[in-house]
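Structural description and commentary
This is what each chain is made of:
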There are 2 protein chains.
Amino acid sequence: MNTPQHIRALIKRLARLDAAETWESDLNPAQVAALDYLARANRFSRAPSHVAEYLGATRGTTSQTLKALVRKGYVSEHRSETDKRSISYDLTDAGRTLASQRGRLLATIEALPNTHRAELSETLSKILESQLAKTDGRLFGVCKTCTYHRTQNGHAYCALLSLPLLAEETEQICHEQVAA
Amino acid sequence: MNTPQHIRALIKRLARLDAAETWESDLNPAQVAALDYLARANRFSRAPSHVAEYLGATRGTTSQTLKALVRKGYVSEHRSETDKRSISYDLTDAGRTLASQRGRLLATIEALPNTHRAELSETLSKILESQLAKTDGRLFGVCKTCTYHRTQNGHAYCALLSLPLLAEETEQICHEQVAA
DNA sequence: CGCTTATAGTAGCGAGTCGAAACTATTGCA
DNA sequence: TGCAATAGTTTCGACTCGCTACTATAAGCG
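Residues numbered from 1 in each chain as written. Chains lettered and ligands numbered in written order. Predicted model: local features only at pLDDT ≥ 70, side-chain atom pairs only at ≥ 80, totals over all residues.

Side note on the overall build of chain A
Summing up its helical and strand segments, chain A has seven helices and five strands in all. Along chain A, helices and strands appear, N-terminal first, in the series α-α-α-α-β-β-α-α-α-β-β-β. Here chain A has a C-alpha radius of gyration of 18 Å; the compact-globule value for 180 residues is 16 Å, and the two agree. The dimensions of chain A, computed from C-alpha atoms along their principal axes, are 55 × 40 × 30 Å. Counting only contacts in chain A whose residues sit at least 6 apart along the sequence, the fraction spanning at least 24 positions is 52%. (Helix = DSSP H or I, 4+ residues; strand = E, 2+ residues; numbered from the N terminus. Rg over C-alpha atoms; globule rule 2.2 N^0.38 Å. Contact = placed C-beta atoms within 7 Å.)

So this is what it looks like as structure tokens:
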């Protein structure tokens, strides 16, 4: 019972059952997925197009989902000064509260022994990387694991954008991230 | 990077990107999930309520999805003689063809080394079992791994339904399955 | 036996997702 | 200066989703 078919079925069912749980709140699965992404992404990666690429959806669809989150008060829109086309979405307090809620799947994963978690993380990461390679998708990895991440006398710095970074920002998802 | 949050995100993103791929066919993700279940389930487990429970959806929603599959010609309806309320869905040839198509995720999993596949299968199964225990959900495991599965002079037999089974049926999903 | 309750499946509703295509407003490049 | 690329939005039709209300059949029990 470790056929590829079986493993795929496990991944899909796990995700599906988790998504079904989501209807208990006032957000649907797509809205939860978007909110969850925004909660983990840095300030350069919270535009509709970034959410769309991360979720594998079109910009049009994502635009609607984001508007729904604004309407429900979990997220706020901020237009950029430098590029007047682009928009960034920030979580509101309500959004942060909702995003930090635990959920069954997380609790189950937490209960796993450390060694299993490490193996699981490793294997799933490999699978994701292979999948993304096939579609020219980006990894959306964490800032501090990026080739462009630098540290100068205790301060983090992005060599791609030529900008200083806050310590907590280096733990966030960046759409520009390239594995070191 | 093997925090529970990260692992959950990996599972959900993998499933989401795989679901996005299904729009390339003329079936949407829910329809593919239902078709995929029907392709793997035995003759006692292909009713709308079984599909609904497996997918974590309501009977109403599942009913519509199944009707869509009938309309598109991938599945056919069969009413039971013994219980006139119940219906079973069978795949048509077109349905079987579609269900056997490979897809990127499957190919990626196939490319994994055997040991990693075994570990992955084991850990994901544990997670799924924990999740199902929390919601009183059924495992929908394979017939031959069930407590009620018997073998009498080379022939398979179900001790719950008191019925003889075909060899290939013992490899299929059964909604009554209880892990031995 | 008949009556009540449980079960199996369905229809219709309103909100929202989904991709696709057409559209506006910027920005960037030649 | 002009034209192409980019960022985001709108609208469309098909569909999912949970929900409630409904029909038909079956099963339990007095």
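Focus: the protein's contact with DNA strand D
If you check the shell around DNA strand D, you find 26 residues, and the closest are A:A47, A:S49, A:G60, B:G60 and B:K84. When residues of the surface near DNA strand D are traced back to their parent elements, those giving at least two are α3 (48–55) and α4 (59–71) of chain A together with α2 (29–40) and α4 (59–71) of chain B. (Near = placed C-beta within 6 Å.)

Looking at the sheet that holds strand β5 (residues 163–165) of chain A
Residue and element names in this part refer to chain A. Taken together, the three strands give an open sheet; going across it, the order is β3-β4-β5, and neighbouring strands pair in antiparallel fashion. The open sheet has two edge strands with one neighbour each: β3 (149–152) and β5. Across the sheet, the mean angle from the axis of one strand to that of its neighbour is 40°, orientation sign disregarded. Where β3 lies against strand β4 (residues 155–158), four bridges are found, and the strand directions are antiparallel. For Q152, the partnering residue across the bridge sits in β4 and is H155. (Pairing = 2+ DSSP bridges. Axes fitted to C-alpha atoms, helices over the stretch in contact; angles between N-to-C directions.)

Quick look at the interface of chain A and chain B
Facing the 43 residues of chain A at the interface are 43 residues of chain B. Sorting the residues of the side of chain A that touches chain B by element identifies α1 (4–21), α6 (104–110) and α7 (114–135) of chain A as the ones contributing at least two each. With 15 residues, α1(A) is the single largest residue contributor to the side of chain A that touches chain B. Looking at the side of chain A that touches chain B, its residues break down into 22 nonpolar, eleven polar and ten charged. (Nonpolar A, V, L, I, M, F, W, Y, C, P; charged D, E, K, R; others polar.)

Here we look at the nonpolar core
Within the largest apolar cluster, 28 residues are counted, with the highest numbers of intra-cluster contacts made by A:I11, A:L14, A:L124, B:I11, B:L14 and B:L124. For this core, the secondary-structure elements that each account for two or more residues are α1, α6 and α7 of chain A together with α1 (4–21), α6 (104–110) and α7 (114–135) of chain B. In this view, A:L14 contacts B:I11, B:L124, B:I127, B:L128 and B:Q131; residues no more than four positions away in its chain are not counted. (Core = buried A, V, L, I, M, F, W, Y, C linked by C-beta atoms within 7 Å. Buried ≥ 20, exposed ≤ 12 C-beta atoms within 10 Å, placed from the backbone.)

Some words on the domain arrangement of chain A
All names here are of chain A. Taken domain by domain, chain A holds domain 1 (4–111) and domain 2 (142–180). Averaged C-alpha coordinates put domain 1 and domain 2 at centres separated by 23 Å. Partitioned by chemical class, the residues of the side of domain 1 that touches domain 2 number two nonpolar, three polar and one charged. (Domains from an automatic or database assignment.)

Here we look at the sheet that holds strand β4 (residues 155–158) of chain B
Residues and elements named next belong to chain B. Taken in spatial order, the three strands of this open sheet run β3-β4-β5, and their pairing is antiparallel. Each end of this open sheet is capped by a strand with a single partner; those strands are β3 (149–152) and β5 (163–165). In this sheet, neighbouring strand axes are inclined to one another by 40° on average, regardless of whether the strands run parallel or antiparallel.

Structural notes on the packing of helix α2 (residues 29–40) of chain A against α3(A)
Residue and element names in this part refer to chain A. Between α2 and α3, the shortest axis-to-axis distance is 10 Å and the interhelical angle comes to 115°. Overall, the two elements α2 and α3 adopt an arrangement that is roughly perpendicular. Crossing of α2 over α3 shows right-handed handedness. Contacts between α2 and α3 pair A33, A34 and Y37 from the former with V51, Y54 and L55 from the latter. Among the residues forming the contact of α2 with α3, the class breakdown is six nonpolar, no polar and no charged. (Parallel < 35°, antiparallel > 145°, perpendicular 65-115°, else oblique. Left-handed = near helix turned anticlockwise from the far one by under 90°.)

Some details on the protein's contact with DNA strand C
Near DNA strand C you find 25 residues, and of these A:G60, B:A47, B:S49, B:G60 and B:S63 are the closest. Contributions of two or more residues to the surface near DNA strand C are made by α2 and α4 of chain A together with α3 (48–55) and α4 of chain B. Among the elements that line the surface near DNA strand C, the one with the most residues is α4(A), at five residues.

What about the relation of the copies chain A and chain B?
Between the two copies, chain A and chain B, the superposition gives an RMSD of 0.0 Å; the rotation angle is 180° and the shift along the axis is 0.0 Å. Both copies are brought into coincidence by an operation consistent with a two-fold rotation axis. Of all interface residues in chain A, 100% are interface residues in chain B too; the two copies therefore contact each other through one and the same surface. (Least-squares fit on C-alpha atoms with pLDDT ≥ 70 in both.)

Overview of the environment of A:H50
All names here are of chain A. Tracing the backbone through its elements, the reader meets H50 in helix α3. With twelve residues separating them along the chain, H50 and L38 place their C-alpha atoms 9.6 Å apart. For H50, the residues in contact, after removing those within four places along its chain, are A41, S45 and H175.

Notes on unusual backbone geometry
All names here are of chain B. In the Ramachandran plot, D136 falls in the positive-phi region, its phi being about 55° despite a non-glycine side chain. Residue classification places D136 among the exposed positions, given that 6 C-beta atoms sit within 10 Å. Even without being a glycine, F140 presents a positive backbone phi close to 60°. Residue placement: F140 occurs in the loop between α7 and β3. With 21 C-beta atoms counted inside 10 Å, the residue F140 sits in the buried group.

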